[in-house]
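Working through the structure, step by step
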Amino acid sequence: ASECTTRIAHDALYGAFDKVGIDYGPSYRILDRVAHNANTAVAWFRQDMPRCAIQIIDAVLQVVAVLEIQQELRVPRRIDKVRINQPLESAIAVVAHRKGDGHYDLTACDAHGDVVLEIIGFRLATLPDSSTRSYVPGWRETRLLSSAPMSRQIHVRVDKNVGGTLPSKLAG
């Protein structure tokens, strides 16, 4: 962290997120502070509030946003590998390393420096219209997925108010 000379406190970090339209609720504002340079960010978790696994994973990914400040809006595209070595609640800090444009490796550690969580190959993608929409409705032609004649296809109406089991032909 010594080479990470730019420092951001908790309130400034989440204020910056708010300004760009990312509104984390109180239970997801668990990063205490971040230090970074152009390719590495180190963040420490707040120790004064309870945390669960999903909050910790979300906060680990929030650290990447610090390294993306000058970039156009990008969204998560994929993760190559995740390793969980011990309970996530034991993590106290996370390090994000830029591996390439929109490509990061992240490591969360406990108080002893042991690796709690590794996210390898976290990749971001730019949306075509630079908006926050992840679904754009549209029509596209596609081939029929089944090669069976239409008369041989089985259609089952499912009513959410009626319990039951699948017909034996479908339970397979």
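Going by the structure above, here's the rest.
Note on numbering: residues in each chain are counted from 1, in written sequence order. Totals for whole chains, interfaces and linings use all residues, but because this is a predicted model, local features are given only for residues with pLDDT of at least 70 and pairs of side-chain atoms are given and counted only at 80 or more. Excluding hydrogens and water, the side-chain figures rest on all heavy atoms present in the structure.

1. Describing the layout of surface pockets
For cavity detection a 1 Å grid was placed over the protein atoms alone, and a set of points counts as a cavity when a 1.4 Å probe fits there but cannot get out; an open set counts as a pocket when protein lies on both sides within 12 Å along at least five of seven lines, with lining residues being those that have an atom within 4 Å of a point. Grid points are joined across faces, edges and corners, and a volume is the space filled by probe spheres set on the points. Looking at the largest pocket, its volume works out to about 800 Å³. Every helix listed is a DSSP run of H or I at least four residues long, and every strand listed is a run of E at least two residues long, numbered separately from the N terminus. Elements with a minimum of two residues in the lining of the largest pocket: helix H1 (10-19), helix H2 (53-67), strand S4 (74-84) and strand S7 (115-126). Top contributing element to the lining of the largest pocket by residue count: H2, with 6 residues. Residues are grouped as follows: nonpolar covers Ala, Val, Leu, Ile, Met, Phe, Trp, Tyr, Cys and Pro; charged covers Asp, Glu, Lys and Arg; every other residue, Gly included, is treated as polar. Grouping the constituent residues of the lining of the largest pocket by class yields 18 nonpolar, 4 polar and 4 charged.

2. Observations regarding the environment of glutamine 47
Tracing the backbone shows glutamine 47 in the loop between strand S3 (40-45) and H2. Sequence separation between glutamine 47 and isoleucine 92 is 45 residues, and the spatial gap between their C-alpha atoms is 7.7 Å. Polar contact is the term for a pair of N or O atoms within 3.5 Å; when the atoms are in protein, one must be able to donate a hydrogen and the other to accept it, and sequence-neighboring residues count only if both atoms are side-chain atoms. A distance of 3.1 Å separates the side chain of glutamine 47 from the backbone oxygen of phenylalanine 45, its partner in a polar contact.

3. Describing the environment of valine 20
Locating valine 20 in the fold gives a position in the loop between H1 and strand S2 (31-36). In this structure, the C-alpha to C-alpha distance between valine 20 and leucine 73, residues 53 residues apart in sequence, is 9.5 Å.

4. As for the pattern of salt bridges
Note on definitions: salt bridges are taken to be side-chain nitrogens of Lys or Arg within 4 Å of carboxyl oxygens of Asp or Glu. Applying the stated rule across the entire model yields 10 salt bridges. Of the charged contacts in the structure, one is a salt bridge between aspartate 101 and arginine 74, with a shortest N-O distance of 2.8 Å. One end of the pair, aspartate 101, is in the loop between strand S5 (93-100) and strand S6 (103-109); the other, arginine 74, is in strand S4, with 27 residues separating them in the sequence. Under the relative-accessibility criterion, aspartate 101 is labelled exposed at 62%. Whether a residue is buried, partly exposed or exposed follows from its accessible area with a 1.4 Å probe, protein chains only, as a fraction of its type maximum: under 20%, in between, or over 50%, in that order. By relative accessible area, arginine 74 is classed as buried at 14%.

5. Thoughts on the sheet that holds S3
Working definition: the strands of a sheet are paired by backbone hydrogen bonds and lie parallel or antiparallel to each other. Strand pairing follows a simple DSSP-based rule, namely that at least 2 bridges must link the two strands. With antiparallel pairing, the 7 strands of this open sheet are ordered in space as S1-S2-S3-S5-S6-S7-S4. The outermost strands of the open sheet, each flanked by one partner alone, are strand S1 (6-9) and S4. Within this sheet the neighbouring strands show an average axis-to-axis angle of 20°, counted without direction. Across 9 bridges, S4 lies against S7 in antiparallel orientation. Bridge pairing in S7 places isoleucine 79 opposite phenylalanine 122. In what follows, residue pairs with any heavy atoms lying within 4.5 Å of each other are defined as contacts. Here an axis means a line fitted to C-alpha atoms, over the contact stretch when the element is a helix, while the angle between two N-to-C directions is reported on a 0 to 180 degree scale. The strands touched by H1 within the sheet are S1 and S2, with S1 carrying the most contacts at an inclination of about 85°.

6. As for the packing of aromatic side chains
Any two rings among Phe, Tyr and Trp, with Trp reduced to its six-membered ring, count as a pair given centres within 6.5 Å; such a pair is stacked if its planes are under 30 degrees apart, edge-to-face if over 60, and tilted if neither. Tallying each qualifying case throughout the model produces 3 aromatic pairs. Between the aromatic rings of phenylalanine 17 and tyrosine 24, the centroid separation amounts to 5.2 Å while the plane-to-plane angle is 70°, which identifies the pairing as edge-to-face. Residue classification places phenylalanine 17 among the buried positions, given a relative accessible area of 6%. Arginine 33 extends its terminal NZ or CZ atom over the ring of tryptophan 44, reaching a point 4.4 Å from the ring centre. Note on criteria: charge over ring means Lys NZ or Arg CZ within 6 Å of the ring centre, with the direction from the centre no more than 35 degrees off the ring normal.

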